[in-house]
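# Topology and contacts: notes
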2 protein chains.
Amino acid sequence: MNAIEDLARLLKKLPGMGEKSALRLSYHLIKTDPSFNKALGEKISTLQDRIHPCPICGSYTEDDICQVCADQNRDRSLLCIVEQPQDVVTISQAGVYNGLFHVLGGAINPLEGIGPDSISIAPLMKRIEEGAFKEIIIATNPTEEGDTTALYIRNMLKNHGEITLTRLASGLPIGGDLGYADKTTLIRSMRGRIRL
Amino acid sequence: MNAIEDLARLLKKLPGMGEKSALRLSYHLIKTDPSFNKALGEKISTLQDRIHPCPICGSYTEDDICQVCADQNRDRSLLCIVEQPQDVVTISQAGVYNGLFHVLGGAINPLEGIGPDSISIAPLMKRIEEGAFKEIIIATNPTEEGDTTALYIRNMLKNHGEITLTRLASGLPIGGDLGYADKTTLIRSMRGRIRL
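Please read these numbers as outputs of a predicted model, since none were measured by experiment.

## Remarks on the interface of chain A and chain B
Counting residues at the interface gives 49 residues for chain A and 47 residues for chain B. Taken together, chain A and chain B are joined by six salt bridges. Put simply, Asp49 of chain A and Lys38 of chain B hold a salt bridge, and the shortest N to O gap is 2.9 Å. Scanning the region where chain A abuts chain B turns up 18 residue pairs in polar contact (both at pLDDT 80 or more). At the level of elements, helix 1 (2–11), helix 2 (19–31), helix 3 (34–50) and helix 5 (85–94) of chain A are the ones that each hand at least two residues to the side of chain A that touches chain B.

## Concerning the environment of Lys20 of chain A
Residue and element names in this part refer to chain A. Structurally, the position occupied by Lys20 is in helix 2. The exposure class of Lys20 is exposed, given its relative accessible area of 71%. For the pair Lys20 and Leu168, spaced 148 residues apart in the sequence, the C-alpha separation amounts to 39 Å.

## Structural notes on the pattern of salt bridges
Tallying each qualifying case throughout the model produces 16 salt bridges over all chains. Among the ionic pairs, Asp6 of chain B bridges to Lys43 of chain A, the shortest N-O distance being 3.6 Å. Pair noted here: Asp6 of chain B is in helix 1 (residues 2–11) and Lys43 of chain A is in helix 3, and the two residues belong to different chains. On the accessibility criterion, Asp6 of chain B (19% relative accessible area) is buried. Between Asp147 of chain A and Arg167 of chain A there is a salt bridge, with the nearest N and O atoms lying 2.6 Å from each other.

## Remarks on the environment of Gly146 of chain A
Residues and elements named next belong to chain A. Within the fold, Gly146 resides in helix 7 (residues 144–156). Overall, the relative accessible area of 0% leaves Gly146 in the buried class. Between the C-alpha atoms of Gly146 and Gly113, which are 33 residues apart in sequence, the distance is 15 Å. In this structure, Gly146 is in contact with Glu83, Ala107, Thr140, Asn141 and Arg167, ignoring residues within four places of it in sequence.

## Comments concerning helix 7 (residues 144–156) of chain B
Residues and elements named next belong to chain B. Its 13 residues place the ends of helix 7 18 Å apart at the C-alpha level, agreeing with the 18 Å of an ideal helix rising 1.5 Å per residue. Of all the residues in helix 7, the buried ones are Gly146, Thr149, Ala150 and Ile153. For helix 7, the arc enclosing every buried residue in end-on projection is 100°, short of the 170-degree limit, so these residues lie on one face. Looking at the buried side of helix 7, the elements it contacts are strand 3 (75–82), helix 6 (122–130), strand 5 (135–138) and strand 6 (164–167).

## Remarks on the packing of helix 1 of chain A against helix 2 of chain A
Geometrically, a packed helix pair is captured by the angle between its two axes and the distance between the axes. All names here are of chain A. One way to put it is that helix 1 packs onto helix 2 with a least axis distance of 8 Å and a crossing angle of 130°. Between helix 1 and helix 2, the angle falls in the class oblique. In this structure, helix 1 meets helix 2 at a crossing whose hand is right-handed. Contacts between helix 1 and helix 2 involve Ile4, Leu7, Ala8 and Leu11 on the former and, on the latter, Ala22, Leu23, Leu25, Ser26, Tyr27, Leu29 and Ile30. Classifying every residue of the contact of helix 1 with helix 2 gives 10 nonpolar, one polar and no charged.

## Considering a nonpolar patch on the surface
Together, Leu172, Leu178 and Leu186 of chain B line one region of the surface with nonpolar side chains, adding up to about 240 Å² of accessible area. Residue classification places Leu178 of chain B among the exposed residues on the basis of a relative accessible area of 55%.

## A few points about the pairing of strand 6 of chain B
Residue and element names in this part refer to chain B. Both strand 5 and strand 6 contribute to a ladder of four bridges, which runs parallel. Bridging from a neighbouring strand, Ile137 pairs with Thr166 of strand 6. In this region the chain leaves strand 5, passes through helix 7 and returns to the parallel neighbour strand 6; the handedness of that crossover is right-handed.

## A few points about the sheet that holds strand 6 of chain B
Residue and element names in this part refer to chain B. As summarised here, the arrangement of the four strands in space is 4-3-5-6, forming an open sheet in which the pairing is parallel. Each end of this open sheet is capped by a strand with a single partner; those strands are strand 4 (99–103) and strand 6. Ignoring strand direction, the axes of neighbouring strands in this sheet form an average angle of 25°. Relative to strand 5, strand 3 runs parallel, the two being bridged by four bridges. From the neighbouring strand, Cys80 faces strand 5, where its bridge partner is Ile137. On the sheet, helix 5 (residues 85–94) packs against strand 3 and strand 4 and is oriented at approximately 155° with respect to strand 4. Docked against the sheet, helix 7 engages strand 3, strand 5 and strand 6, running at close to 175° with respect to strand 6.

Cut-offs and rules
- Residues numbered from 1 in each chain as written.
- Chains lettered and ligands numbered in written order.
- Predicted model: local features only at pLDDT ≥ 70, side-chain atom pairs only at ≥ 80, totals over all residues.
- Heavy atoms only, no water.
- Contact = heavy atoms within 4.5 Å.
- Salt bridge = Lys/Arg side-chain N within 4 Å of Asp/Glu carboxyl O.
- Polar contact = N/O pair within 3.5 Å; in protein donor to acceptor, adjacent residues only side chain to side chain.
- Helix = DSSP H or I, 4+ residues; strand = E, 2+ residues; numbered from the N terminus.
- Buried < 20%, exposed > 50% of the residue type's maximum accessible area, 1.4 Å probe, protein only.
- Expected span 1.5 Å × (residues − 1).
- Arc of directions from axis to C-beta.
- Axes fitted to C-alpha atoms, helices over the stretch in contact; angles between N-to-C directions.
- Parallel < 35°, antiparallel > 145°, perpendicular 65-115°, else oblique.
- Left-handed = near helix turned anticlockwise from the far one by under 90°.
- Nonpolar A, V, L, I, M, F, W, Y, C, P; charged D, E, K, R; others polar.
- Patch = residues over 30% accessible without salt bridge, like charges linked within 9 Å, V, L, I, M, F, W, Y side chains within 5 Å.
- Areas by Shrake-Rupley, 256 points an atom, 1.4 Å probe, with all protein chains shown as cover.
- Pairing = 2+ DSSP bridges.
- Right-handed = clockwise from strand over helix to strand, strands pointing away.

Now the structure itself:
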């Protein structure tokens, strides 16, 4: 049974995967179409060879520059700041936003030793200095860390009175995670965004 | 974002994996140690090249014959019949059984068109005719399908009075709470009550 247990041992390290689920999934994979397993295995193996962070916004891309940053039809006076690359996808899929993004790569969390220098704040400031943004939407998660990060960014930008700073409206459940927000909630909180 | 979405599309086909969890897992995999992804991908891709059913019992093995069937220290007068290969692992890990196994590969389910010919009943009968079993434990699941299968096997063996046929006891799980037991389990454990 070694190949099954080998696989289960690796699967168990994935988030949300317990010992029983890992074994169950391994047995499931034995019965699937072999071409599916070949494809899935290849995608996992080569994922990081194909994907890297966009040098401008920090979101993931397979190209030199990500599709959003390269898109000349986007409103370049709008910047939306998010914690994670997947938040870019979540907001894009809601179809309510047509500006640029900036991915921080996390949120300020003093308890875990994550300060402003641990996330992409300096590149953000450089972008803002060099850009022509009229509005910056801070879309960090509605958590203590996300709020702290939003306030920190607001303080850093206090000499930029010409830029309107906004934060996604409540409507997102407090303590929740942006990745699990449903589309309608997201659209509402985008439309009802408030000035910080 | 194509590599991520490609991967998520495949992951979504796994049991218990929704659209959001698949995407979340894909993003998680981007951040893991690349050597982990290479190892996991390789294990998934090659799983079915390494694993095949044991020609005797139907459990999975990487060898000609599985470890249980090849083990000469096992009690060859005992046969435990299970539905799936993983049931062999579950029972083995409990450490309470030292006989042989037979994997049916499913249970009789007329509603889904699974009859006795769809599962490994004929090879089981051949094994019993050729073997010297004193007791056969039918460990199919305590479900309607598992019970139907157990009854079918009992009927097939009615001319083998020399073999003791048993079925795993059903009842309340140890450590469980009576308040959380479902009605069917409760009825079964009441009917199967034992003298103290």
